[in-house]
Amino acid sequence: MTEFFHDCTTNERKREIEELLNNFAQQIGAWRFCLYFLSSTRNDYVMMYSLTVFENLINKMWLGVPSQDKMEIRSCLPKLLLAHHKTLPYFIRNKLCKVIVDIGRQDWPMFYHDFFTNILQQLIQSPVTTPLGLIMLKTTSEELACPREDLSVARKEELRKLLLDQVQTVLGLLTGILETVWDKYSVTAATPPPSPTSGESGDLLSNLLQSPSSAKLLNQPIPILDVESEYICSLALECLAHLFSWIPLSASITPSLLTTIFHFARFGCDIRARKMASVNGSSQNCVLGQERGRLGVLAMSCINELMSKNCVPMEFEEYLLRMFQQTFYLLQKITKDNNAHTVKSRLEELDESYIEKFTDFLRLFVSVHLRRIESYSQFPVVEFLTLLFKYTFHQPTHEGYFSCLDIWTLFLDYLTSKIKSRLGDKEAVLNRYEDALVLLLTEVLNRIQFRYNQAQLEELDDETLDDDQQTEWQRYLRQSLEVVARVMELLPTHAFSTLFPVLQDNLEVYLGLQQFIVTSGSGHRLNITAENDCRRLHCSLRDLSSLLQAVGRLAEYFIGDVFAARFSDALTVVERLVKVTLYGSQIKLYNIETAVPSVLKPDLIDVHAQSLAALQAYSHWLAQYCSEAHRQNTQQFVTLISTTMDAVTPLISTKVQDKLLLSACHLLVSLATTVRPVFLISIPAVQKVFNRITDASAQRLVNKAQVLVCRALSNILLLPWPNLPENEQQWPVRSINHASLISALSRDYRNLKPNAVTPQRKMPLDDTKVIIHQTLTVLEDIVENISGESTKSRQICYQSLQESVQVSLALFPAFIHQSDVTDEMLSFFLTLFRGLRVQMGVPFTEQIIQTFLSMFTREQLAESILHEGSTGCRVVEKFLKILQVVVQEPGQVFKPFLPSIISLCMEQVYPIIAERPSPDVKAELFELLFRTLHHNWRYFFKSTVLASVQRGIAEEQMENEPQFSAIMQAFGQSFLQPDIHLFKQNLFYLETLNTKQKLYHKKIFRTTMLFQFVNVLLQVLVHKSHDLLQEEIGIAIYNMASVDFDGFFAAFLPEFLTSCDGVDANQKNVLGRNFKMDRDLPSFTQNVHRLVNDLRYYRLCNDSLPPGTVKL
């Protein structure tokens, strides 16, 4: 063993040793040697190995061990444990406990009747072995209540019942242990807790935040425990936490047990113990302080286990109220102080995990129990919120603060849904909570401002992105703004009047910068240089940026039904935003020189970008204003839009930083798409953008910006103007303008096409690729944005694009071996098929499909999938996606393509990918097969109305049977592969075909495939290869079996059992008998899971029997 774990041992040698050890473990009498090793060695490796041999013997081979040997093992191992538990290393001792519990799991109570009584009476109740007994008890709870190893379902149920019978005794014992320790070290004698009947729930509720009746006890100084008692208590609390995770809430959880747990929960919030430890200075005491904190954490874990149960029996409600009362009492203790600084420093001194547990408690209280409690008029809601408020805003860590904000979000969601469900009470509910919500809003807003919270905000990281692609600072801001938005939803006027003045203050500073701008040799410079002024300006700009985001987040609360009522507030905001964006663009703050360029320049750019983004957030409000203004034709609206365009246009330039450029482009797109004012095209600023984009000599913007600007210009010309009749839409003029726009955008691309007059000019391949990439991304985006619009818009769009589309088709064969180009072209065609297939017309669409089908030969597909890596696979996937659109098209137009599409799938693509383990292309292929069946059912099953009337249930004529069978075969094969996503998707497809088209009822499926599928799905369950999908597989088996229950019970099940290897005839009979003939879904799936579980269990047992055993 030492050689095996030595650094110098080679892997080769390790494998040899491993083989030797495994062979030894498989021998029938090996356990005797292991027993000898255990009692005679002090080498950890040898002991651990010996225990593993026992574990293997008990869990996998126990059935075949002679009963004499079993008795010997059952008596020797506990003796060994008793003799050496004090001296064994803890991990060996725990492993030995687990091995003994494993025997109990197999043999108690039949052959090992004193297993449980030994733990309770001999170990726990004799002071010397109490810790050992508690470890055994916790291991028993872990291994028997939710057994992990394979046991038969009957045995699992039996164990659960046996344990539940013991719960009351066990809880009594644990209560006793904890109380004894507490009383022994307590300073004053405890008065007994009041009996639960003494108070009515009403009193209890109104006093929830008063001192509980046991407050006198809870105020006693916390006893100082010795190390041994500390250890025993922590083990007892760990036991309780595990027991609470599976036992139902019931009267066995007594008030005195709860009170005792709360006594220990106080250890977490007792700072004096820590202070004493640090004053006395000795390391021993410091460790003690930490240990005591740990007791508090364990006690809170117990409380949270009880809190997390949603189903509370009537008789337990009172206990629950007591728990709340006592926890709130602790919360008051933690946050009790008028001076904010001391509360925060007190929370900093507590153990971090204790705070975490406390936050969990509050989250559970709000998410699970608030509904139940808040409806009582006596519940002091406001006091509770005050406590939560103090607790939230004094959190020592950012994570802690985030968790508390989550709790407030849960609370605000609860209020919102409560108001939505009972509109009558809206005023009453809001009055009850108004002050608390306004306070929350103000404090959250203060927390995101450097003016009030600089020290903390500067600690936040604004560089590294997390999994959600946001920095710590962005996450902080986003979560805070979500709370602000939810308060706004409940109290719009309050929220607005709190936020707007704060925004105004910071805007004053920003708008006042103009007076400090001086002209220097190289351009403009901001004449603010003193370090202190720069720092203040930096903070003010950061705050302005955050507040602009807040104002943008609230835009949705000014539209819809409340548009008129909140019009003036919204107008004030929008006018300010337009003013600010214009100001930034006019004095070109983004190009200004500053004293600290690394800090102030990004700040100025960010404020400018955020003001554009905030204005964009109000585009739906502007759209609503537009339709109102259309009736009254107000100049005010025209001015707003044209001023906005004056602010945006100067920013659409290659000289502007990307962040700002993209904000401007997004705003332009929103004006063109959401607002759609009639006069937008005639604004000089917009015409300037048109000229810039269509001018061949102008420098091209970065790709993303170019795409956005082209989308905006195309939408201005294509989208119908709201509130205008068709004859006033000026389509002819707009159509001509759109054609010339597209013509300018695709000039270079169309020149790539070889024609008779000028054979293709030789251009370097890379340059060609750049032109193709730049043009197709723009055109594809334009089509995608128009795809959901009116027929007229799509018609004009296709007319403008027609030549480019034909060029694309002509170029396609030339680039078939350049998978990156093919990928972009197919993306473009896929978007065309999705958006403009009607406009393209049948003949041209046929030509495209024909070209693709002839280009994607078997060799080309193999090259793409097998040799070109991910790009090649993407090309084939896009091609299959295009075919998905084709097979879904209603009507007869594309039906002639079905045979060639199915043969492409089944004869060309499927053979290439069927045996590859990689999931590439498979998902798309199966989706195409599913859509082919789903949308072309009549291609396979010709059903006539008459036939179904005459025969009641129609047996349709079947057509194209070989193709249908091949497709089903492919689905069946996919269930034998390890890829879980594909499995889930295909199971869903089969179930959908059954729901919509009665797939499982069709004769061909019922007679030739049904039970093959059931068999495959059952095998998958038995092999545990796709365990995450257990539930879905169970339901699918039910849906298949329910087509022919008689056949399932009479023929399939006996046949399935007969074909099962690894189980004997008697076991097969038991399995068959246990499968009840229930025909409802819950019972049937339960029977399926029972069958699977017990089959695995029997196989395990049989594998463990020594060779030549006679089976009865």
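On a predicted model such as this, the values are computed, not experimentally measured, just so you know.

Draft legend 1. Just the side chain of S804, in detail. Tracing the chain through its elements places S804 in helix α36 (residues 791–811). Note on S804: relative accessible area 1%, which makes it buried. Beyond its immediate stretch of four places on either side in the chain, S804 contacts S746, Y749, R750 and L779.

Draft legend 2. Here's a closer look at helix α40 (residues 869–888). Taking 1.5 Å per residue as the helical rise, α40 with its 20 residues ought to reach 28 Å, and the 29 Å between its terminal C-alpha atoms agrees with that figure. Counting buried positions along α40 yields 14 of 20 residues, so the element is predominantly enclosed.

Draft legend 3. Focus on the confidence of the model for the protein chain. Predicted confidence across the protein chain gives a mean pLDDT of 87, with 91% of residues reaching 70 or more. In the model, residues 189–201 has pLDDT below 50 throughout and makes 16 contacts with residues more than four positions away in sequence or in other chains. This model gives residues 276–283 a pLDDT under 50, and the stretch forms five contacts once residues within four places in sequence are excluded.

Draft legend 4. Here's a closer look at unusual backbone geometry. W108 connects to P109 through a cis peptide bond whose omega is -5°. As for its placement among the helices and strands, P109 is situated in the loop between α6 (90–107) and α7 (115–124). Positive phi outside glycine occurs at R676, with the angle close to 50°. Within the element layout of this structure, R676 appears in the loop between α30 (658–675) and α31 (684–694). The phi angle at K998 is positive, at roughly 55°, despite the residue not being glycine.

Draft legend 5. Local environment of the packing of helix α50 (residues 1045–1059) against helix α52 (residues 1081–1104). α52 packs onto α50 with a crossing angle of 5° between their chain directions and a minimal axis gap of 14 Å. What the angle tells us is that α50 and α52 run roughly parallel. Together, F1045, F1048, F1049, L1053, F1056 and L1057 of α50 and F1084, L1091 and L1095 of α52 make up the contact between the two elements.

Draft legend 6. Focus on the nonpolar core. By size, the foremost hydrophobic cluster in this structure holds 379 residues, and its most contacted members are F54, L77 and Y510. No other element matches the 12 residues that helix α9 (residues 153–185) contributes to this core. Once residues within four sequence positions are removed from consideration, F54 is found in contact with W31, C34, L35, L38, I73, L77 and V99.

Draft legend 7. Up close: the packing of aromatic side chains. Tallied over the entire structure, the rule returns 74 aromatic pairs. Taking the centre distance of 4.8 Å and the plane angle of 80° together, the rings of F324 and F365 count as edge-to-face. Of the two residues, F324 is situated in helix α16 (residues 314–335) and F365 in helix α18 (residues 352–374); the sequence distance between them amounts to 41 residues. For F324, a relative accessible area of 0% gives the class buried. By relative accessible area, F365 is classed as buried at 0%. Ring-pair connections join several aromatic residues into one group, and the members of that group are F1011, Y1038, F1045, F1048, F1049, F1052, F1056, F1075 and F1084. When the ring centre of Y401 is taken as reference, the NZ or CZ atom of R447 above it lies at 5.8 Å. For the cation-ring pair, K1002 lies above F941, with the distance from its terminal atom to the ring centre recorded as 5.7 Å.

Draft legend 8. Summary view of the pattern of salt bridges. Scanning all chains against the criterion turns up 39 salt bridges. For the salt bridge of E789 with R676, the shortest nitrogen-to-oxygen distance reads 3.6 Å. Here R676 lies in the loop between α30 and α31 and E789 lies in the loop between α35 (765–786) and α36, a separation of 113 residues in the sequence. Taking the relative accessible area as the measure of exposure, E789 reaches 23% and is therefore partly exposed. The salt bridge partner of D823 is K878, with a shortest N-O separation of 2.7 Å. Of this pair, D823 sits in helix α37 (residues 819–840) while K878 sits in helix α40, placing them 55 residues apart in sequence.

About the cut-offs
Residues numbered from 1 in each chain as written. Predicted model: local features only at pLDDT ≥ 70, side-chain atom pairs only at ≥ 80, totals over all residues. Heavy atoms only, no water. Helix = DSSP H or I, 4+ residues; strand = E, 2+ residues; numbered from the N terminus. Buried < 20%, exposed > 50% of the residue type's maximum accessible area, 1.4 Å probe, protein only. Contact = heavy atoms within 4.5 Å. Expected span 1.5 Å × (residues − 1). pLDDT = per-residue confidence, 0-100. Axes fitted to C-alpha atoms, helices over the stretch in contact; angles between N-to-C directions. Parallel < 35°, antiparallel > 145°, perpendicular 65-115°, else oblique. Core = buried A, V, L, I, M, F, W, Y, C linked by side-chain atoms within 4.5 Å. Phe/Tyr/Trp six-rings, centres within 6.5 Å; stacked < 30°, edge-to-face > 60°. Lys NZ or Arg CZ within 6 Å of the ring centre and 35° of its normal. Salt bridge = Lys/Arg side-chain N within 4 Å of Asp/Glu carboxyl O.

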